[in-house]
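# Architecture at a glance
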Amino acid sequence: RNLTSKYHVYAVDLLGWGLSSRPPWPKNVTRVEDAERFFVESLEKWRQRVGLDQPFVLLGHSYGGYLSACYALRYRQRVQKLLLAGPAGFNDRPT
């Protein structure tokens, strides 16, 4: 069954990736924490612009999975469920 028949589905490319815009890299972003904040805040600004006011399901893949987890930690009240598909920065389950 098609998800879009029941839900609003957005496929978001991170800034600088896929078909997104490529703004200049901010000069003050020099640490990992700064880069995380840059991408998390860009996703939050997008959420505000599209008017997603209810908690939503967030799915992230690869580096997007890592940043989705960062977003969910910072904006817990916004994320109803978090799905991580092959997220970067997470080890495989121990055997």
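Residues numbered from 1 in each chain as written. Predicted model: local features only at pLDDT ≥ 70, side-chain atom pairs only at ≥ 80, totals over all residues. Heavy atoms only, no water.

Now for the pattern of salt bridges. With the rule as written, the count across this model stands at 7 salt bridges. With its nearest N and O atoms 2.7 Å apart, the salt bridge here joins Arg 47 to Glu 44. Note that Arg 47 and Glu 44 are positioned in helix H1 (residues 32-50) at a spacing of 3 residues, about one turn of the helix. Accessibility assignment for this pair places Arg 47 and Glu 44 in one class, buried. Residue classification places Glu 44 among the buried positions, given a relative accessible area of 4%. Linked through salt bridges whose partners overlap, the residues forming this network are Arg 31, Glu 33, Asp 34 and Arg 37. (Salt bridge = Lys/Arg side-chain N within 4 Å of Asp/Glu carboxyl O. Helix = DSSP H or I, 4+ residues; strand = E, 2+ residues; numbered from the N terminus. Buried < 20%, exposed > 50% of the residue type's maximum accessible area, 1.4 Å probe, protein only.)

So, on to the environment of Ala 88. Along the chain, Ala 88 turns up in the segment after strand S2 (79-85). C-alpha of Ala 88 to C-alpha of Leu 59: the two residues are 29 residues apart in sequence and 13 Å apart in space. Ala 88 has contacts with Ser 62, Tyr 63 and Tyr 66, leaving out every residue within four places of it along the chain. (Contact = heavy atoms within 4.5 Å.)

By secondary structure assignment, the location of Ser 42 is in helix H1. Judged by relative accessible area, Ser 42 falls into the buried class, the value being 17%.

Let's shift gears to the side chain of Asp 34. Examined against the element boundaries, Asp 34 turns out to sit in helix H1. For Asp 34, the side chain forms a polar contact with the main-chain nitrogen of Thr 30, separated by 3.4 Å. The residues touching Asp 34, leaving out its near neighbours within four places in the chain, are Asn 28 and Val 29. (Polar contact = N/O pair within 3.5 Å; in protein donor to acceptor, adjacent residues only side chain to side chain.)

Another point: the pairing of strand S1 (residues 56-61). Along S1, the buried face is formed by Phe 56, Leu 58 and Gly 60; none of Val 57, Leu 59 and His 61, which line the opposite face, is buried. Pairing between S1 and S2: 6 bridges, direction parallel. The residue bridging Leu 58 from the neighbouring strand is Leu 82, located in S2. Following the backbone out of S1, through helix H2 (residues 63-74) and into the adjacent parallel S2, one traces a crossover that is right-handed. (Pairing = 2+ DSSP bridges. Right-handed = clockwise from strand over helix to strand, strands pointing away.)

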